[in-house]
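These are the residues of each chain, in order.
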Amino acid sequence: MELIVTISEINELELFSNASSFLINSKVYASLEYKTANNNTIFRLVKKIKELNKKAYILIDKLMFDEEYPKLISFINKIEKEGVDGYFFSDLGVYELLDELGLKDKAIYYSQTQIVSTMEGRQYFSLGMKGIFASRYLSYEKVKELIKDVNLGLRIFGYHNLFYSRRGLLTAYKEEFNLSGRYDRTDNYTIKEMKRDVKNPIFEDTNGTYIFTDYIDNHFSELDELNSLGLSYGLIDTNLLDDSLKIQLNDALVNYSKEFNSEKRIIDTYKVAE
C-alpha cells in the first residue's frame, strides 16, 4: 500500500520524512485546500521529491471551465518533464485531457462524493485509469469487495468537507456587518449553528467558501487490515492541521497502530457566526 501525504510547502518534505509519496496541492487547480502551492513551488517540490526517490502527484480536483484547459495543458506538458507520477482529478474533462495527452495511465480519480458503489468503481476503473478513490459513503464491506477488482484508494485521515459554494460568503458576511480590524487578519474561522454546540472550520479563497467537519476522520486502526486486503493508496490529508499534529502523523506513517490525539481541533479562531 502506498501512503500519500498532501503538502504545499518545501519544509513539509522534512516534516513528513517518513512518507514515500506526496500529493501537491495546486493553487491554480486544486479545491477545498486551505494551503496551496503556486506553479513555481510545485516544480521545486516535484524536483526535490524525485531527488529523494519518492513519488510526486499533483492535485487537480477543481471543476474546470473550457477556457482553463489551454493553461492546464501547458502546465502538464512542463511538469511531465520533471517525472511526476500521477494526477488526482475529479472532473472527467481532465481525464479526457490526460487521455488525449497519452497520460491516462497516470490518472487517479479522486472525488469526495463519487464512487459510492462497487459497480460505479469498477466502471470508472475500466476506463484505464491508474487508480480510483472511493468516497467515505461506500461501506467498509463494499470497500473490501471493491479492492479485489480495482487499484483502490481511500482517505485515511483528515477533515471532511461538508459544504462548498462558489460565492465569497465570509467576505459578504463581513461587509454586511461592517466587520474589520481583527476579522481581517485571517480567512480561517470556525462557524457555529445557533442551536448546536459544534464549531466547524470554515475558510474562503478565490474559488469560494468551504465548511468542514469539526472532527477528523481517522482510519489508521484499519490500515493493517486494508493493507493485507490489497488497498493500493491511503491518503493522509493534512488540510487545516497544525504542525504538532503533523509531527505525530509522521510517526504514524511507520507505525499504523500508534495512538495519537486525532481529536485535537484546529486553532480556535474568531467565531464569525456565534
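Residues numbered from 1 in each chain as written. Predicted model: local features only at pLDDT ≥ 70, side-chain atom pairs only at ≥ 80, totals over all residues. Heavy atoms only, no water.

Some words on the confidence of the model for the protein chain
Link 1 in the chain: Summing up the model confidence of the protein chain, the mean pLDDT is 88 and the portion of residues at 70 or higher is 93%.
Link 2 in the chain: Mean pLDDT across the elements of the protein chain bottoms out in helix 9 (residues 243–252) (85) and peaks in strand 5 (residues 107–109) (98).
Link 3 in the chain: Across residues 264–274, confidence stays below pLDDT 50; counting only partners more than four residues off in sequence or on other chains, it has 32 contacts. (pLDDT = per-residue confidence, 0-100. Helix = DSSP H or I, 4+ residues; strand = E, 2+ residues; numbered from the N terminus. Contact = heavy atoms within 4.5 Å.)

Some details on the packing of helix 3 (residues 69–80) against helix 4 (residues 92–100)
Link 1 in the chain: At a minimum axis separation of 11 Å, helix 3 and helix 4 run at an interaxial angle of 50°. Considering their axes alone, helix 3 and helix 4 lie oblique with respect to each other. When the axes of helix 3 and helix 4 are compared, the crossing they make is right-handed. The segment helix 3 lies against helix 4, with Tyr69, Leu72, Ile73 and Ile76 engaging Gly93, Val94, Leu97 and Leu98.
Link 2 in the chain: Residue classes in the contact of helix 3 with helix 4 are distributed as seven nonpolar, one polar and no charged. (Axes fitted to C-alpha atoms, helices over the stretch in contact; angles between N-to-C directions. Parallel < 35°, antiparallel > 145°, perpendicular 65-115°, else oblique. Left-handed = near helix turned anticlockwise from the far one by under 90°. Nonpolar A, V, L, I, M, F, W, Y, C, P; charged D, E, K, R; others polar.)

So, the pattern of salt bridges
Link 1 in the chain: Applying the stated criterion across every chain, the model contains 13 salt bridges.
Link 2 in the chain: Between Glu193 and Arg196 there is a salt bridge; the shortest N-O distance is 3.7 Å.
Link 3 in the chain: Look at Glu193 and you get partly exposed, because its relative accessible area is 46%.
Link 4 in the chain: Residue classification places Arg196 among the exposed positions, given a relative accessible area of 52%.
Link 5 in the chain: Taken together, the shared-partner salt bridges connect Arg122, Lys142, Glu145 and Asp149 into one network. (Salt bridge = Lys/Arg side-chain N within 4 Å of Asp/Glu carboxyl O. Buried < 20%, exposed > 50% of the residue type's maximum accessible area, 1.4 Å probe, protein only.)

Digging into the pairing of strand 4 (residues 86–89)
Link 1 in the chain: On strand 4, burial covers both faces: Gly86 and Phe88 on one face and Tyr87 and Phe89 on the other are all buried.
Link 2 in the chain: As paired strands, strand 3 (residues 55–60) and strand 4 are joined by four bridges and run parallel to one another. Of the residues in strand 4, the one forming a bridge with Ile58 is Tyr87.
Link 3 in the chain: Crossover handedness for the path strand 3 to helix 3 to strand 4: right-handed.
Link 4 in the chain: Taken together, the three bridges between strand 4 and strand 5 define a ladder with parallel strand orientation. Bridge pairing in strand 5 links Tyr87 to Ala107.
Link 5 in the chain: Assessed by its sense of winding, the connection that carries the chain from strand 4 through helix 4 to strand 5 is right-handed. (Pairing = 2+ DSSP bridges. Right-handed = clockwise from strand over helix to strand, strands pointing away.)

Topic: the environment of Tyr109
Link 1 in the chain: Relative to the assigned elements, Tyr109 resides in strand 5.
Link 2 in the chain: Spatially, the C-alpha atoms of Tyr109 and Asp184 are 36 Å apart, while their sequence positions differ by 75 residues.
Link 3 in the chain: With sequence-adjacent residues up to four places away left out, Tyr109 is seen in contact with Phe89, Ser90, Gln114, Ile115, Tyr124, Met129, Gly131, Ile132 and Phe133.

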